[in-house]
Amino acid sequence: MKTLGLTDIIGPIMVGPSSSHTAGALRIAYMARRLCLAEPKTVEFRLLGSFAHTLTGHGTDKALVAGMLGLATDDLRIRDSFDLAREAGLAFSFVTLPDAEYDHPNTIDVRIVDAAGNAMDVRGESIGGGAAVIRKIDDIDVRITGESASIVVRQRDEKGVLAHIAQSISDEGVNIATTRMYRERKGDTAYTVLETDQAVGAEAKAAIEDHPAIYDVRIIPGDARADVERVAVPDVAAALQRFADLDFGNGAALLAYCEEHGATLSEAFLAREAALAASLGYADGATTYLREALAVMRCAARRPIDEALPSMGGLIGGEARKLADLHERGGELCDDQLSCAIAYAMAVLETNASMGRIVAAPTAGSAGVLPGVLLAMQRTRGYGDDDLARGLAAAAAIGYLITRNATVSGAEGGCQAEVGSAAAMAAAASVELMGGTPAQCFAAASNALTNMMGLVCDPIAGLVEEPCQKRNAAGAAVALVSAQIALAGIGNLVDFDQTVEAMRKVGRTLPFELRESALGGIAAAPTACAYCPDCA
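What counts as what
Residues numbered from 1 in each chain as written. Predicted model: local features only at pLDDT ≥ 70, side-chain atom pairs only at ≥ 80, totals over all residues. Heavy atoms only, no water. UniProt positions renumbered as here; feature names shortened; annotations may be inferred. Phe/Tyr/Trp six-rings, centres within 6.5 Å; stacked < 30°, edge-to-face > 60°. Helix = DSSP H or I, 4+ residues; strand = E, 2+ residues; numbered from the N terminus. Buried < 20%, exposed > 50% of the residue type's maximum accessible area, 1.4 Å probe, protein only. Contact = heavy atoms within 4.5 Å. Expected span 1.5 Å × (residues − 1). Salt bridge = Lys/Arg side-chain N within 4 Å of Asp/Glu carboxyl O. 1 Å grid on protein atoms, 1.4 Å probe; cavity = no way out; pocket = protein on both sides within 12 Å on 5 of 7 lines; lining within 4 Å. Points joined across faces, edges and corners; volume = space filled by probe spheres on them. Pairing = 2+ DSSP bridges.

As annotated in an unreviewed UniProt entry, the protein chain carries the name L-serine dehydratase and comes from Eggerthella guodeyinii. The Catalytic activity (unreviewed entry) comment attached to the protein chain in UniProt states, word for word, "L-serine = pyruvate + NH4(+)". What the UniProt record of the protein chain gives under Sequence similarities (unreviewed entry) is the line "Belongs to the iron-sulfur dependent L-serine dehydratase family."

(A) The arrangement of the packing of aromatic side chains in detail. What the rule picks out here adds up to 7 aromatic pairs. The interplanar angle of 50° and the centroid separation of 6.0 Å between the aromatic rings of Phe269 and Tyr400 together place this pair among those described as tilted. Of this pair, Phe269 sits in helix 9 (residues 265-280) while Tyr400 sits in helix 14 (residues 385-405), and the two are 131 residues apart along the sequence. On the basis of relative accessibility, which here comes to 2%, the residue Tyr400 falls in the buried class. Aromatic ring contacts, followed pair by pair, group Phe45, Phe82, Phe92 and Phe94 into a single cluster.

(B) Broad picture of the UniProt feature "domain: ACT" (unreviewed entry) in the protein chain. The sites that UniProt annotates as "domain: ACT" (unreviewed entry) are residues 150-222. In residues 150-222, helix accounts for 26% and strand for 41%; the two terminal C-alpha atoms are 7 Å from one another.

(C) Looking closely at the environment of Ile522. Relative to the assigned elements, Ile522 resides in the loop between helix 19 (496-509) and helix 20 (526-529). By relative accessible area, Ile522 is classed as partly exposed at 43%. Along the primary structure Ile522 and Pro467 are separated by 55 residues, whereas in three dimensions their C-alpha atoms are 8.1 Å apart. Sequence-distant contacts of Ile522, that is, excluding residues within four places in its chain, are made with Asp458, Ile460, Pro467 and Ala528.

(D) Structural context of helix 18 (residues 468-487). Taking 1.5 Å as the rise per residue, helix 18 with 20 residues should run 28 Å; its terminal C-alpha atoms sit 28 Å apart, in good agreement. Just downstream of helix 18 lies Gly489, where phi reads positive at about 85°.

(E) Main features of the pattern of salt bridges. This model, assessed by the stated rule, comprises 25 salt bridges. One salt bridge in this structure joins Asp121 and Arg111, with 2.6 Å as the shortest N-O distance. Taken together, the positions of Asp121 in strand 5 (residues 119-128) and Arg111 in strand 4 (residues 106-114) put the pair 10 residues apart, joining distant regions of the chain. You can call Arg111 partly exposed: its relative accessible area is 37%. The partner of Arg183 in a salt bridge is Asp157, with the nearest N and O atoms 2.6 Å apart. Of this pair, Arg183 sits in strand 9 (residues 176-183) while Asp157 sits in the loop between strand 8 (149-156) and helix 5 (161-171); the two residues are 26 residues apart in sequence, bridging distant segments of the chain.

(F) Main features of empty space enclosed by the protein. Tallied over the entire structure, the rule returns 2 cavities of 30 Å³ or more. The space that makes up the largest cavity amounts to roughly 140 Å³. Along its surface, the largest cavity is lined by 16 residues, and Gly365, Glu418, Cys457, Val464 and Cys468 are the ones closest to its centre. Those elements that place two or more of their residues in the lining of the largest cavity are helix 16 (415-433) and helix 18.

(G) The arrangement of the pairing of strand 5 in detail. Counting buried residues along strand 5, 7 of its 10 residues qualify, which places the element largely inside the surrounding structure. Note that strand 4 and strand 5 share 7 bridges and pair antiparallel. Within the sheet, the bridge partner assigned to Ile108 lies in strand 5 and is Gly124. Between the antiparallel neighbours strand 4 and strand 5 lie 4 residues, among them Gly117 with a positive phi of about 90°. Where strand 5 lies against strand 6 (residues 131-137), 6 bridges are found, and the strand directions are antiparallel. Within the sheet, the bridge partner assigned to Glu125 lies in strand 6 and is Val133.

This is the structure in C-alpha cells:
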C-alpha cells in the first residue's frame, strides 16, 4: 500500500477538472512517455471502465496528450495540449471500450510508436487523488507507481543479471528501496523494476546497460517535489522507527496519540509528516507546502466571484458572481459565514471546471468544500493564514485516514467518498480552529460522513460541473453543521473508524452506474441526457 503523505491528501495542486480523470490520466501518459526509448511519434489511447464514459467531460483527452508531452499536472497549458502535440509532431487518437474487461474502473491502455520505430503497449490505472500505477508493459504484469525514482530494465532472464543491475546502481551511490522482477516464462524476456531513494543519472543507466543480457533501460523520475531539500539522516533505523510509531493506522490510534501527548489533530499529523520526511531523507517541507496550497485555494475561490469563468463543458459559469450579487443587495437567507462558504465552494468548482489551477482536497471534484469553509471562517472570524494552515493539517489527518481505510475516489465509492470526505475534513478543521478537542474533531468528521453517506456520483454528461458544484456548496454547509453539533458536546453512537468502514461498504454496493460513469442518478434524467453527446 502506498505510504500516504500531506500532498496526497491536500493535493495535488493541479489543473481541473478531475483528480482521477485529469491528473491521474496525465500521470499514466507521463510514465508511459518515460518508458519510451525514443521520442513518441504516434499514440493511441484505449479507454476502459469509467474512462470510456467520461473522455472529454473530465478533460481526460487533453490530460493524456499533455502527459505524453511531458507536462506537469499543474501546467495551465494542459488545456492547449492538442495544439502543442500537433506542433511537436505527435499524432494521437482515442478509442473508447465501455464493454472491455478491466481490473480497476479507471483503466487506460496506451499504444506508442516512437521515432525509432519501437512499438510498446502500456496499461495504467488511475487510483485516486491524482496517483496512478502502470500495471502492464507489453502484456507482462508490472507495478510502477512513480512515487520514487524508478528504473525499468528489460532483459533476458538469466542468472547474474539482477546482481549486475544492483551493483551498477550501488556503485553510483544510489540506494535501492524496492526491487521486483516480472517475467512470463523462465529464460524469456523479463522486466526488473527498481525504486530508488535518489535520482538516477546517466552514469548508472550506462553501467546497467553494459551487460549482454540487458536489452534497454528506462528511467522514470519520482513525483517527489523537486524543491524539497535532501538531508543527511544520522540514524536511519531511529528515523524509520519514529515514523512507524507515528504512522497511525486508524482514528483510534491517532486519537490515543493526541490524548497521550496533549496534541491537537494538526500537531499529530504534522509530527507524522515530519517523521515521514526524515525516514525518506527529506527536509520537512510541510509548512511551506501548506502556504502554497492555501494561496492556490484562495486564488481559485476569489477569481470567479469577480468574473464569470465559463466551464469546459458549458454547464456552469457565473454562479459565484450571482451569489456575490445576492449578498450585495442584501438578499441572503443564510448568515454571513455560511453564505461565504457557499460562494467560495462554488467558485472553486467554477475554476476547476474551466481547467484552472486548484488543490485537490481530497479530490478535484470536491475541491471547493475545504477552502470554502476555511476562507469563510477567515473572513468572518479573522483567522490568520497560519491558523488556516493549521486547519488544513487537521483536515489532512481526517482525509489520510479515510483514504487509507476506505476511498476518496468517486469511481470506487460514489460522491460520498469525494464530497462526503471533504465535508468530514472541513468539519474537523473547523472544530480545531474553534478550540475543540481532537475527540470533537473526530465526532464532527463522523457527523459529516454519516450525513452524506450513500451520495452517488452522477455527473451530467460526464462533466465535473453539475451537480458537483452545488454539492460542494452543500458539503460546506454539512461541514459547518457537523462541527457545531460536535462543539456542543453531542457525541456519536458509532465512532469514526466504524463510520469510515460503513462508508467503504456502502461504496462497494453502489452499482457502476452510480460511481462516476454518468449513466445513472441525475445524469440519467431525460433533460440531463440531452447534454450528453453520446445520447443526443
